[in-house]
Amino acid sequence: MARKPIAETKPLHFAGRPHRLIAVEVGRGGVRYGTPHGRAILVYNGGRHTLTVTVHARGITPGPHAAHIHLGSCMSQGPVEYMLKDLVANRHGAIVHAVRVFTGVMSPIPAHGWYLNIHQGNSGDILSNGQPTIFFRPVLCANVK
């Protein structure tokens, strides 16, 4: 397991000088997918009692990734409020227009207190015996405002 890279940073040169570290997603075959980035749109429909989450992201290793809306913030993480069906990055490392709809949502999106994160692994491998694995690592996180 330790031989399969998940992420790496650029090489460091010139000892003694500080260098900015930038995470770059790397696939099992050594393919670099870039720096993870993306956006999410959350829309609440009070008449239909639905919450719609649309995600676009790039720089993610291909395959399924667990994603959740949690209570708290990226800096002060809390329990899962909404568990999204795994988001799937294509062979180019992109999650393109992934839409998830939750029904029976009776309260609108709060002004603060929610965050969305996308994990390195899928829903089946982020936990083992109830404990986080290396695949639990959030690749992207954003506070919902």
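Up top you'll find the structure we're talking about.
Residues numbered from 1 in each chain as written. Predicted model: local features only at pLDDT ≥ 70, side-chain atom pairs only at ≥ 80, totals over all residues. Heavy atoms only, no water.

## Some remarks on the side chain of Arg 100
For step 1, the next point in the chain: Among the secondary structure elements, Arg 100 is positioned in strand β8 (residues 95-103).
For step 2, the next point in the chain: Of the buried charged residues, Arg 100 lacks a salt bridge, with Asp 86 as the closest side chain of opposite charge at 7.5 Å.
For step 3, the next point in the chain: Within the structure, the side chain of Arg 100 is placed 3.1 Å from the backbone oxygen of Lys 85, a separation counted as a polar contact.
For step 4, the next point in the chain: The contact partners of Arg 100, leaving out residues within four places of it in the chain, are Leu 51, Thr 52, Val 53, Leu 84, Lys 85, Asp 86 and Leu 87. (Helix = DSSP H or I, 4+ residues; strand = E, 2+ residues; numbered from the N terminus. Buried < 20%, exposed > 50% of the residue type's maximum accessible area, 1.4 Å probe, protein only. Lys, Arg positive; Asp, Glu negative; His and termini not counted. Salt bridge = Lys/Arg side-chain N within 4 Å of Asp/Glu carboxyl O. Polar contact = N/O pair within 3.5 Å; in protein donor to acceptor, adjacent residues only side chain to side chain. Contact = heavy atoms within 4.5 Å.)

## Description of the state of the cysteines
For step 1, the next point in the chain: Applying the stated criterion to the full structure yields one disulfide.
For step 2, the next point in the chain: Residue Cys 74 pairs covalently with Cys 141 via a disulfide, S to S 2.1 Å. Handedness here is read from the sign of the S-S torsion; for Cys 74 and Cys 141, about -105°, the answer is left-handed. Of this pair, Cys 74 sits in the loop between β6 (63-72) and β7 (77-89) while Cys 141 sits in strand β12 (residues 138-144), and the two are 67 residues apart along the sequence. (Disulfide = S-S within 2.5 Å.)

## Considering the pairing of strand β4 (residues 37-45)
For step 1, the next point in the chain: Relative to strand β5 (residues 50-58), β4 runs antiparallel, the two being bridged by nine bridges. Among the inter-strand pairings, His 37 is bridged to a residue of β5, identified as Arg 58.
For step 2, the next point in the chain: Here β4 folds back onto β5, and the loop between the two strands holds four residues, one of which, His 49, carries a positive phi near 55°. (Pairing = 2+ DSSP bridges.)

Read these as layout, nothing more, since geometry by itself doesn't imply function.
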